[in-house]
Amino acid sequence: SSDGIGTLDVRQAAEALGPVVEWERDRGADIVVLLAQAGSACSVSGCDEELFDLAHEVSGLVDLIIAGGDGVAIDTVVAGVPVVQALGQGRGWAVADLLESRNGTPWRLAVERLDDGGTVDSAVAAVVARHAEEVDSLVRRVVARVRLPMPKRRRPSSLSRLVADAFRNGGRTDLALVPLDML
């Protein structure tokens with residue numbers, strides 16, 4: 001199509017996930033974990049509660065949401081769905097333990113911080129540092145040089161298509177979506 005998207009079918013999460021979750025549970029899945037690239041950030045202009053809206057929408061379908069988004073630490077339950085998100089920039093990780101529980105609360109949620117001033121396991125810190133360097137080198141790698149101006153716009157543009165194609169090719173995926181604030 002002329003918008004560069006083609007026949008992409010975009011639906012609400014529950015509508016898209018419902019049949020898949022049912023199929024998995026019919027085949028014996030006891031726990032369904034949703035990995036979501038969604039954020040929850042607030043500013044002076046208000047809150048963007050995309051992650052919490054998603055939790056409300058998929059309540060009853062999934063058992064846990066592990067989010068990646070803006071790097072804000074989240075360990076909470078929304079509409080009966082446990083939600084965790086680690087700190088960004090390798091500063092910590094999210095923990096969701098499945099527990100046998102007598103009081104009906106089967107999850108222990110926590111965000112473990114690496115920079116909380118406490119004792120840091122040097123072996124873990126070394127692994128995190130090594131992977132942070134690898135990710136940083138990939139993110140900062142030049143994938144293209146363009147001679148003409150490519151202004152950032154609120155709709156698909158040459159710049160957004162270039163960046164999405166670079167991520168798609170670099171990640172060897174069929175689809176890449178790039179938030180406008182990354183451009």
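To start, this report covers the structure provided alongside it. (Residues numbered from 1 in each chain as written. Predicted model: local features only at pLDDT ≥ 70, side-chain atom pairs only at ≥ 80, totals over all residues. Heavy atoms only, no water.)

### Some words on the overall build of the protein
Which entries qualify depends on this criterion: We count a stretch as a helix when DSSP gives it H or I for four or more residues in a row; a strand needs E for two or more, and each element gets its number in order from the N terminus. The rule is simple: take the accessible area with a 1.4 Å probe, protein chains only, and divide by the maximum for that residue type; under 20% is buried, over 50% is exposed, in between is partly exposed. Residue contacts are defined here by distance: any two heavy atoms, one from each residue, within 4.5 Å place the two residues in contact.
For the protein, the count of helices and strands is four helices and eight strands. For the protein, the sequential pattern of α-helices and β-strands runs α-β-β-β-α-β-β-β-β-β-α-α. The buried share of the protein, taken over its 183 residues, is 22%. Long-range pairs, those at least 24 residues apart, make up 41% of the contacts in the protein with a sequence separation of at least 6.

### Describing the nonpolar core
What counts here: Each nonpolar core is a collection of buried residues, namely Ala, Val, Leu, Ile, Met, Phe, Trp, Tyr and Cys, held together in the definition by side-chain atoms within 4.5 Å.
Grouped together as the largest cluster of nonpolar side chains are 18 residues, with contacts concentrated most on Leu34, Leu51, Val58, Val62, Ile65 and Val83. Where this core is concerned, the elements lending two or more residues are α1 (13-26), β1 (33-37), α2 (50-58), β4 (64-68), β5 (74-78) and β6 (81-85). Counting residues per element, this core draws most heavily on α2, which supplies four residues. Here Val58 is in contact with Ala13, Ala14, Leu17, Leu34 and Ile65, once residues within four sequence places are set aside.

### Focus: the pattern of salt bridges
Here is the rule: In what follows, salt bridge is the name for a side-chain nitrogen of Lys or Arg lying within 4 Å of a carboxyl oxygen of Asp or Glu.
Counted under the stated rule, the structure contains one salt bridge. Here Arg25 makes a salt bridge to Asp63, at a shortest N to O gap of 2.7 Å. One end of the pair, Arg25, is in helix α1; the other, Asp63, is in the loop between α2 and β4, with 38 residues separating them in the sequence. Take Asp63: its relative accessible area is 24%, and that puts it in the partly exposed class.

### Overview of the sheet that holds β4
Quick note on the threshold: By the convention used here, strands pair only if DSSP detects at least 2 bridges between them. For helices, the axis comes from a line fit to the C-alpha atoms of the stretch in contact; other axes are also lines fit to C-alpha atoms, and the angle between any two N-to-C directions lies between 0 and 180 degrees.
Sheet architecture is open: four strands sit in the order β1-β4-β6-β5, paired in mixed fashion. The outermost strands of the open sheet, each flanked by one partner alone, are β1 and β5. Direction aside, neighbouring strands of the sheet carry axes that sit 20° apart on average. Bridge count for β5 against β6 is five bridges, and the pairing is antiparallel. Among the inter-strand pairings, Val77 is bridged to a residue of β6, identified as Pro82.

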